[in-house]
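Residue-level listing of the chains:
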Amino acid sequence: MLSDNLKVLLASTNSLSIKAQNFHWNVEGNNFPQYHDFFGNFYEEVYSAVDKIAEYIRTLDSYAPGSLTRYAELTIIEDQVKIPRPNLMFAELLSDNGKMIDLLNTCFVSAEEENKQGIANFIAERLDAHEKHGWMLRSILKNRE
Ligand SMILES: [Fe+2]
């Protein structure tokens, strides 16, 4: 059901944004300015989708989850309570980003099945954004593993 999938998307988008913000704050190393800026742009871009997803859930006449307890239940993004080395931060976000793309594809299919073309269009834009995040993360990680 589209509204259920969007709830998972809302929780996962929030989780990913929080994780990238954690990395933005706590990353260290020679390239600190670039790392700090990259994670800053990443979390802000991901966070920019949160309110829109919640409001689409409301247009489907369902309630938008808005508590940390519900997000922890719903998210597909594993929480990170440690501060990994920079390369591991990038690798973890790349893996999470791939999970987001899979989830967005699931959401897109259910939006089309329920004939919600506006939501399908929004999901397609989120797919585009996450494909771009994936490109950047892969480029950062190239020859550095
Ligand atoms: Fe900041």
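Look up: the structure comes first, before these words.
To start, this report covers the structure provided alongside it. (Residues numbered from 1 in each chain as written. Predicted model: local features only at pLDDT ≥ 70, side-chain atom pairs only at ≥ 80, totals over all residues. Heavy atoms only, no water.)

The next point concerns the nonpolar core. Counting 41 residues, the largest nonpolar core has Leu6, Leu9, Phe39, Phe42, Ile53, Leu93 and Ile123 as the members making the most contacts within it. The set of elements that each furnish at least two residues to this core consists of helix H1 (2–26), helix H2 (32–47), helix H3 (50–59), helix H4 (68–74), helix H5 (86–113) and helix H6 (117–141). Residue contacts for leucine 93: discarding those within four places in its chain leaves Leu16, Lys19, Ala20, Phe23, Phe39, Phe42 and Leu137. (Core = buried A, V, L, I, M, F, W, Y, C linked by side-chain atoms within 4.5 Å. Buried < 20%, exposed > 50% of the residue type's maximum accessible area, 1.4 Å probe, protein only. Helix = DSSP H or I, 4+ residues; strand = E, 2+ residues; numbered from the N terminus. Contact = heavy atoms within 4.5 Å.)

All right, on to the packing of H2 against H5 then. In a pair of packed helices, the angle between the axes and the distance between the axes together describe the arrangement. The geometry of H2 relative to H5 is characterised by a closest axis approach of 12 Å and an angle of 20° between their N-to-C directions. Between H2 and H5, the interaxial angle falls into the category roughly parallel. In terms of crossing hand, the pair formed by H2 and H5 is left-handed. Along its contact with H2, which presents Tyr35, Phe38, Phe39 and Phe42, the element H5 presents Pro86, Met89, Phe90, Leu93 and Asn97. (Axes fitted to C-alpha atoms, helices over the stretch in contact; angles between N-to-C directions. Parallel < 35°, antiparallel > 145°, perpendicular 65-115°, else oblique. Left-handed = near helix turned anticlockwise from the far one by under 90°.)

Moving on, we get to unusual backbone geometry. One non-glycine residue, aspartate 61, adopts positive backbone phi at about 65°. The topology assignment puts aspartate 61 in the loop between H3 and H4. Non-glycine residue asparagine 115 carries a positive phi angle of around 60°. Taking relative accessible area as the criterion, asparagine 115 reaches 55% and is therefore assigned exposed.

The full count for this structure, using the stated rule, is 7 aromatic pairs. Ring centres of tyrosine 35 and phenylalanine 90 lie 5.3 Å apart, and the angle between their planes is 70°; this geometry places the pair in the edge-to-face category. Here tyrosine 35 is found in helix H2, whereas its partner phenylalanine 90 is found in helix H5, with 55 residues between them in sequence. Each member of the pair, tyrosine 35 as well as phenylalanine 90, carries the same accessibility label: buried. Geometrically, the ring pair formed by phenylalanine 39 and phenylalanine 90 is stacked, given 4.9 Å between the ring centres and 20° between the ring planes. Separated by 51 residues along the polypeptide, phenylalanine 39 in helix H2 and phenylalanine 90 in helix H5 bring together distant segments of the chain. Judged by relative accessible area, which is 0%, phenylalanine 39 ranks as buried. (Phe/Tyr/Trp six-rings, centres within 6.5 Å; stacked < 30°, edge-to-face > 60°.)

So, on to the environment of lysine 52. Of note, lysine 52 is situated in helix H3. Residue classification places lysine 52 among the partly exposed residues on the basis of a relative accessible area of 46%. With 42 residues separating them in the primary sequence, lysine 52 and leucine 10 have C-alpha atoms 9.1 Å apart.

Next up on the list: the pattern of salt bridges. All chains considered together, the criterion is met by 5 salt bridges. Ionic pairing is found between lysine 19 and glutamate 92, a salt bridge with its closest N-O pair at 2.5 Å. Highlighted residues: lysine 19 in helix H1 and glutamate 92 in helix H5, separated in sequence by 73 residues. The exposure classification of lysine 19 matches that of glutamate 92, with both residues buried. Of the charged contacts in the structure, one is a salt bridge between lysine 19 and aspartate 96, with a shortest N-O distance of 2.7 Å. (Salt bridge = Lys/Arg side-chain N within 4 Å of Asp/Glu carboxyl O.)

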